[in-house]
Amino acid sequence: MKNSVLKGALGALAIAGVAMIGKKAAQRKRFVKGIFEEYGIKEKSPFGLADKIREMNDEQYQEMKGKFKKEFASRCHSRFEKKENIAEA
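Residues numbered from 1 in each chain as written. Predicted model: local features only at pLDDT ≥ 70, side-chain atom pairs only at ≥ 80, totals over all residues. Heavy atoms only, no water.

Chemist: Talk me through the overall build of the chain; I want residue IDs and the actual numbers.
Modeler: Across its full length, the chain carries four helices and zero strands. Counting from the amino terminus, the chain carries its helices and strands in the arrangement α-α-α-α. The long-range share in the chain, meaning contacts at least 24 apart out of those at least 6 apart in sequence, stands at 53%. When the accessible area of the chain is evaluated, it comes to approximately 7700 Å², of which 62% is carbon and sulfur surface. (Helix = DSSP H or I, 4+ residues; strand = E, 2+ residues; numbered from the N terminus. Contact = heavy atoms within 4.5 Å. Areas by Shrake-Rupley, 256 points an atom, 1.4 Å probe, with all protein chains shown as cover.)

Chemist: Give a description of a nonpolar patch on the surface that names residues and reports values.
Modeler: Residues L6, L10 and L13 make up a contiguous nonpolar surface patch of roughly 320 Å² in combined accessible area. As for its position among the elements, L6 is in helix α1 (residues 2–38). (Patch = residues over 30% accessible without salt bridge, like charges linked within 9 Å, V, L, I, M, F, W, Y side chains within 5 Å. Salt bridge = Lys/Arg side-chain N within 4 Å of Asp/Glu carboxyl O.)

Chemist: Tell me about the confidence of the model for the chain, and please be specific about residues and values.
Modeler: When the pLDDT values of the chain are averaged, the result is 82; 82% of them are 70 or greater. Put simply, helix α4 (residues 75–88) is where the chain has its lowest mean pLDDT, 58, and α1 is where it has its highest, 89. (pLDDT = per-residue confidence, 0-100.)

Okay, structure coming up:
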């Protein structure tokens, strides 16, 4: 009995994990699609993005780079840096 309850709990946990990963992937896909639409990139591939970056001036490039950094930054890395800054103070 205990073993089947444990298997059921682990199964439910696995399903929740897969759902969370799927949700995050969908959010990132929407973000990238929005970037392509915002900057008028017709070719939906990394090559189309690279071509557009070559055409941009430095200000536009830094703006787009900041958006990507904000969206894809590692959350745990930023927490670690904050702890280091507090320890140094």
